[in-house]
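So you can see what is in the structure, the chains are spelled out below.
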Amino acid sequence: MDKFKRQMDFLIEISKLKSIYRQSVYYEDGKIKRENDAEHSWHMCMYAVVLEEYAPKGTDITKCIKMALIHDLVEIYAGDTYLYDEKENKDKAQREAAAADKLYAILGEQGEELKKLWYEFEANESLEAQFANTLDRLQPLLLNYLTQGYKWKENKVHISQVMEKGNWEKRNADERIKKFVRDILEDSVKKGWLLP
């Protein structure tokens, strides 16, 4: 199969990301709407552009944006797994790895490069992966806050769960981002949107 055909097939396949709905919600015209993975990925890219100055020194922001664009593509086959769903998270890594193999195979050699980038994001070791992962935790956290803890209340989430799942105490993130997170979480507890 020629390269261009593979690329077009891949681009057609990833349009399915618009149909993968996340647990995160937002208000649109006064009504709650579920965010889809494409919206989330775009928003993460904008976070990376706007918050670039808070990335660890030496971070390649273009690489970080690429990670943001591809990090949830595997959910086309593996589905979205809610962060606080312990049962579904047990086999998430295996489901997503199988999905990565299937999806990136469409592209052939170019797909191997994207799959490698996805694995780098998942490993969360490089500066770019650390910043992209910080944004991936920050964005839905802010949506929860802006919807008055809609999903937190629905799922009876505790502040300790948010701190633990986000690894906010140990995360290699700018202190201003971490302070912002602590402040909105504490405010959410005070307002009854998040359990203490």
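In short, a report on the structure.

## Overview of the layout of surface pockets
- Empty space within the largest pocket amounts to approximately 780 Å³.
- For the lining of the largest pocket, the secondary-structure elements that each account for two or more residues are strand E1 (21–28), helix H6 (92–105), helix H7 (109–123), helix H8 (127–146), helix H9 (150–154) and helix H10 (159–166).
- No other element matches H8, which puts six residues into the lining of the largest pocket.
- Of the residues assigned to the lining of the largest pocket, the class counts are ten nonpolar, ten polar and twelve charged.
- Reported here for the second largest pocket is a volume of approximately 160 Å³.
- Surrounding the second largest pocket, Phe10, Ile14, Leu17, Ser41, Trp42, Leu69, Ile70, Leu73 and Leu114 form its lining.
- Elements with a contribution of two residues or more to the lining of the second largest pocket: helix H1 (3–14), helix H2 (37–50) and helix H3 (61–70).

## Remarks on the environment of His40
- Checked against the element boundaries, His40 lands in helix H2.
- Distance in space between the C-alpha atoms of His40 and Gln139 is 7.9 Å, their sequence separation being 99 residues.
- Residues within four places of His40 in sequence aside, it is in contact with Arg22, Glu35, His71, Asp72, Asp136, Gln139 and Pro140.
- Within the local environment of His40, its side chain forms a polar contact with the side chain of His71, the two groups lying 3.2 Å apart.

Procedures and definitions
- Throughout, a residue's number is its position along its own chain's written sequence, starting from 1.
- Local features are withheld for residues below a pLDDT of 70 in this predicted model, meaning they are given only at 70 or higher, and side-chain atom pairs are given and counted only at 80 or more; totals for whole chains, interfaces and linings count all residues.
- Note that water and hydrogens are dropped before the side-chain values are worked out from all heavy atoms of the structure.
- Buried and open spaces are told apart on a 1 Å grid over the protein atoms alone, a cavity being a set of points where a 1.4 Å probe fits but cannot get out and a pocket being an open set with protein on both sides within 12 Å along at least five of seven lines. Residues with an atom within 4 Å of a point are the lining residues.
- Grid points are joined across faces, edges and corners, and a volume is the space filled by probe spheres set on the points.
- Think of it this way: any DSSP run of H or I at least four residues long counts as a helix, any run of E at least two long counts as a strand, and we number them from the N terminus.
- When residues are sorted by character, Ala, Val, Leu, Ile, Met, Phe, Trp, Tyr, Cys and Pro go into the nonpolar class, Asp, Glu, Lys and Arg into the charged class, and all the rest, Gly among them, into the polar class.
- Any two residues whose heavy atoms approach within 4.5 Å are treated as being in contact.
- Here a polar contact means two N or O atoms within 3.5 Å. Within protein one must be a hydrogen donor candidate and the other an acceptor candidate, and residues neighboring in sequence count only if both atoms are side-chain atoms.

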